[in-house]
Amino acid sequence: MSGGEDRLEELRGLVRDHDRRYYRDASPIISDREYDLIKREMEDLEAELDPLGLFKAEDSPDLIGFPVPAVGDDRLEEFVSHRHLVPMLSLDNTYDQKEFFDFDQRLRKLFDRSELPYVVEPKIDGVAVSITYEGGILKTAVTRGNGVEGDVITQNLMHVDSLPHDLTSFELPEILEIRGEIYMNHEEFVRLNELRERDGLPLYANPRNLAAGTVKLLDPKEAATRKLEIVLYGMGACIPESHFPSQSAFHEAIRKWSLPTVEFLRSASSANEAWQAILELDELRHGYGYPTDGAVIKLDPIEMQRQAGATAKAPRWAIAYKFESERQETVLEDIVLQVGRTGTVTPVACLRPVQLAGTTVSRASLHNADEIARKDIRVGDFVVVEKAGEIIPQVVEVVAAKRQTDSTPYLFPSSCPVCARGLEREDGEAAWRCPNPECPEQVKGRLKYFASRGCMDIDHLGEAVIEQLVDLGKAKRISDLYTLGKEDFLALDGFAEKSAENLFNSIASSKNKGLARLLCA
Ligand SMILES: [Zn+2]
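Draft legend 1. Molecular detail of the coordination of the zinc ion. At this site the zinc ion is bound by Cys416 (SG), Cys419 (SG), Cys434 (SG) and Cys439 (SG), with donor distances of 2.3 to 2.4 Å. Positions of the donor residues of the zinc ion along the chain correspond to the pattern C-x2-C-x14-C-x4-C. One end of the pair, Cys419, is in the loop between strand 16 (392-398) and strand 17 (432-433); the other, Cys439, is in the loop between strand 17 and helix 12 (440-451), and 20 residues separate them in sequence.

Draft legend 2. Representation of the domain arrangement of the protein within the structure. Segmenting the protein into domains produces domain 1 (3-59), domain 2 (81-322), domain 3 (327-404) and domain 4 (440-519). On a C-alpha basis, the centres of domain 3 and domain 4 stand 33 Å from each other. Both faces considered, domain 3 and domain 4 share a buried interface measuring about 410 Å² in area, 62% of it formed by carbon and sulfur atoms. Considering only the surface of domain 3 that becomes buried against domain 4, Val339, Arg341 and Gly343 emerge as the three largest contributors, covering 94% of it. Here domain 3 and domain 4 share 0 salt bridges between them. Summed over the shared surface of domain 3 and domain 4, the number is 1 residue pair in polar contact (both at pLDDT 80 or more). Residue composition of the side of domain 3 that touches domain 4, grouped by class: 1 nonpolar, 3 polar and 1 charged.

Draft legend 3. View of the pattern of salt bridges. For the structure shown, the criterion picks out 39 salt bridges. With a shortest N-O distance of 2.8 Å, Arg108 and Asp104 are connected by a salt bridge. Of this pair, Arg108 and Asp104 both sit in helix 3 (residues 97-111), 4 residues apart, roughly one helical turn. Given the relative accessible area of 4%, Asp104 is considered buried. In this structure, the salt-bridge partner of Asp370 is Arg425, at a minimum N-O distance of 3.3 Å. Of this pair, Asp370 sits in helix 11 (residues 369-375) while Arg425 sits in the loop between strand 16 and strand 17; the two residues are 55 residues apart in sequence, bridging distant segments of the chain.

Draft legend 4. Inspection of unusual backbone geometry at higher detail. A cis amide bond, omega 0°, links Ile239 with the succeeding residue Pro240. Within the element layout of this structure, Pro240 appears in the loop between strand 8 (229-239) and helix 8 (247-256). Residue His367 is not a glycine yet carries a positive backbone phi of 70°. For His367, the position within the fold is in the loop between strand 14 (359-365) and helix 11. Even without a glycine there, the phi angle at Asp457 is positive, about 55°. Locating Asp457 in the fold gives a position in the loop between helix 12 and helix 13 (463-471). The class of Asp457 is partly exposed, set by a relative accessible area of 33%.

Draft legend 5. Region of the structure containing the side chain of Asp19. Mapped onto the elements, Asp19 comes out in helix 1 (residues 3-24). Lys39 is the oppositely charged side chain nearest to the buried, salt-bridge-free Asp19, at an N-O distance of 5.1 Å.

Draft legend 6. Seen up close, the sheet that holds strand 4 (residues 127-134). Spatially, 5-4-7-8 is the arrangement adopted by the 4 strands of the open sheet, whose pairing is antiparallel. Only two strands of the sheet have a single neighbouring strand rather than two, namely strand 5 (137-143) and strand 8. Sheet twist, expressed as the mean angle between neighbouring strand axes with direction ignored, is 25°. One ladder, built from 8 bridges, connects strand 4 with strand 7 (residues 175-183); its direction is antiparallel. Bridge pairing in strand 7 links Thr132 to Glu177. Packing of helix 6 (residues 207-215) onto the sheet brings it into contact with strand 4 and strand 7, and relative to strand 4 it is tilted by some 45°. Where helix 8 meets the sheet, it contacts strand 7 and strand 8, and its direction lies at approximately 125° from that of strand 8.

Draft legend 7. Region of interest: the sheet that holds strand 11 (residues 318-322). Strand order in the open sheet formed by 5 strands is 2-11-10-3-9, and the pairing between neighbours is mixed. For this open sheet the edge positions go to strand 2 (93-94) and strand 9 (266-268), each flanked by a neighbour on one side alone. As defined by bridge partners, strand 10 (residues 292-299) adjoins strand 11 across 5 bridges and the pair is classed as antiparallel. Its bridge partner being in strand 11, Val296 is matched across the sheet by Ala320. In this fold helix 3 packs onto strand 2, strand 3 (118-124), strand 10 and strand 11, with an angle of close to 170° to the strand it touches most, strand 11. Contacts from helix 8 reach strand 3, strand 9 and strand 10, with the element oriented near 55° to strand 3.

Draft legend 8. Geometry of the nonpolar core. Ranked by internal contacts, the top residues of the largest apolar core, which has 35 residues, are Ile131, Leu157, Leu163 and Ile182. Breaking this core down by element, the ones donating at least two residues are strand 4, strand 5, strand 7, helix 5 (186-198), helix 6, strand 8 and helix 8. Leu163 has contacts with Ile131, Tyr133, Leu138, Leu157, Ile230 and Leu232, leaving out every residue within four places of it along the chain. Residues Ala274, Leu281, Tyr288 and Tyr321 belong to the second largest nonpolar core, which totals 32 residues.

Draft legend 9. Structural view of the packing of helix 3 against helix 9 (residues 271-284). Packing of helix 3 against helix 9 leaves a shortest axis separation of 10 Å and a crossing angle of 145°. In this structure, the crossing between helix 3 and helix 9 has a hand that is right-handed. On the side of helix 3, the interface is formed by Gln97, Phe100, Phe101 and Asp104, while helix 9 contributes Ala271, Asn272, Ala274, Trp275 and Ile278. By residue class, the composition of the contact of helix 3 with helix 9 is 6 nonpolar, 2 polar and 1 charged.

Draft legend 10. Spotlight on the packing of helix 12 against helix 13. For the pair helix 12 and helix 13, interaxial distance at closest approach is 10 Å and the crossing angle is 140°. In this view, helix 12 runs oblique relative to helix 13, as classed from their interaxial angle. Helix 12 and helix 13 meet at a crossing whose hand is right-handed. On the side of helix 12, the interface is formed by Pro440, Val443, Lys444, Leu447, Lys448 and Ala451, while helix 13 contributes Glu463, Ile466, Glu467, Val470 and Asp471. Residue classes in the contact of helix 12 with helix 13 are distributed as 6 nonpolar, no polar and 5 charged.

Draft legend 11. Region of the structure containing helix 5. With 13 residues, helix 5 extends 19 Å between its outermost C-alpha atoms, agreeing within 8% with the 18 Å of an ideal straight helix rising 1.5 Å per residue. Of the surrounding elements, those touching the buried residues of helix 5 are helix 6. If you check the start of helix 5, you find a side-chain oxygen 3.3 Å away from the backbone N of Glu187, and it comes from Asn185. Within two residues after helix 5, Gly200 carries a phi angle of roughly 70°, on the positive side.

About the thresholds
- Residues numbered from 1 in each chain as written.
- Predicted model: local features only at pLDDT ≥ 70, side-chain atom pairs only at ≥ 80, totals over all residues.
- Heavy atoms only, no water.
- Donors = N, O, S within 2.8 Å, 3.2 Å for Na, K, Ca; no water.
- Helix = DSSP H or I, 4+ residues; strand = E, 2+ residues; numbered from the N terminus.
- Domains from an automatic or database assignment.
- Buried area = accessible area lost by both parts, 1.4 Å probe.
- Salt bridge = Lys/Arg side-chain N within 4 Å of Asp/Glu carboxyl O.
- Polar contact = N/O pair within 3.5 Å; in protein donor to acceptor, adjacent residues only side chain to side chain.
- Nonpolar A, V, L, I, M, F, W, Y, C, P; charged D, E, K, R; others polar.
- Buried < 20%, exposed > 50% of the residue type's maximum accessible area, 1.4 Å probe, protein only.
- Lys, Arg positive; Asp, Glu negative; His and termini not counted.
- Pairing = 2+ DSSP bridges.
- Axes fitted to C-alpha atoms, helices over the stretch in contact; angles between N-to-C directions.
- Contact = heavy atoms within 4.5 Å.
- Core = buried A, V, L, I, M, F, W, Y, C linked by side-chain atoms within 4.5 Å.
- Left-handed = near helix turned anticlockwise from the far one by under 90°.
- Parallel < 35°, antiparallel > 145°, perpendicular 65-115°, else oblique.
- Expected span 1.5 Å × (residues − 1).

Set out below in structure tokens:
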């Protein structure tokens, strides 16, 4: 094989691997931007080496027996499949202004017109879904799947407050497939991750992954305990076909029928006007309840969309313009290990402080030892930091050109930085753990959780107090709290007669809060 063919095989393998992590496991390990770059390189190389598409990867099943689909594949065996009336194609996407205007130029040539009417909508970074209403009654909710058929998840969306089960209007089409995105707001994401941490389960990296995991729960009762949101913006099949003359008329109708839809929609009479709307959206989007990562530009008249048609992968009448997520370069000054209350050890990057999306960032998660090794992150490196999903800062990559010549690979410590016990890792697990239940850091974590508002809600027992109690050896486990006397608290920094008594009393009264609340520790 030539070097190009080797590279193509490698890229196809990477895309398959990341597709599986993203669509099936809902736990991607690279940013969307990195993924887009890999996929773009693969497609460019395919076009160069195999212009007629004779050796497309679709024909070669991968190791687990699934072909590489054009749009990824989220289907799981446990779910009933449903065929979309109109396929759910992914959109061509670009980070390049020129490619947006090239898109317009191709269409103008096709229609032989000097200007074309577009609509501009936000591109929402959620979990794609297709909702079908028949005679105004909600019949099915289906994932994108492989674009042709997806998994039926209706049962997991019945508790989404904003999704009406029936529509009332005299102007309903017989059958309507509506496309949208399911997402989870940040508060709910934090709440559910806290519960998972308490149960010693792996945490979800971001709200999108948690939403994707929730729609694929096998138990609808459990799905109902997690709050999902939905926003709708696209049309699949519509019977009769001529019901909506344009994308903007479709939007107007679903808004009138009280379906949850996007708050940003601009009609533009030319590509220049559309470009202005894209810039406007980039200013406004941070205030929306759902995460956005770009703009979608569609030809407005449905008849023109039909005439433009689609390639095997994507419609020709729409394009996604993706915004750069906010990134900065800075120095990684140190890597420290955090020990959680269940013993999980998480490496954290200490960064030279840098401004990112309006906040000062000085720490970023490095996830686990494998992640550090995969990206070859070393202390002293210049690194690119990104606020993924506008929430958690992440180290995207090392700036290799700026690496010191005497730098050495990072060696993940073999023992706990707090209690020096040897770290352990289960087969197949990414995280190392400190196995010592009396590890002071774990004890602090458990006590802080126990005293917190979500659990026993013990007044005056704040984090600083707990740190001191553990450091002075006065508390090694939760039950020790109830053996401490006023004189123990008087020995702590900042305590006097009155405050020691207050703390003693609130710990004592928490005993009466019942076994049920004790169990949550
Ligand atoms: Zn330890």
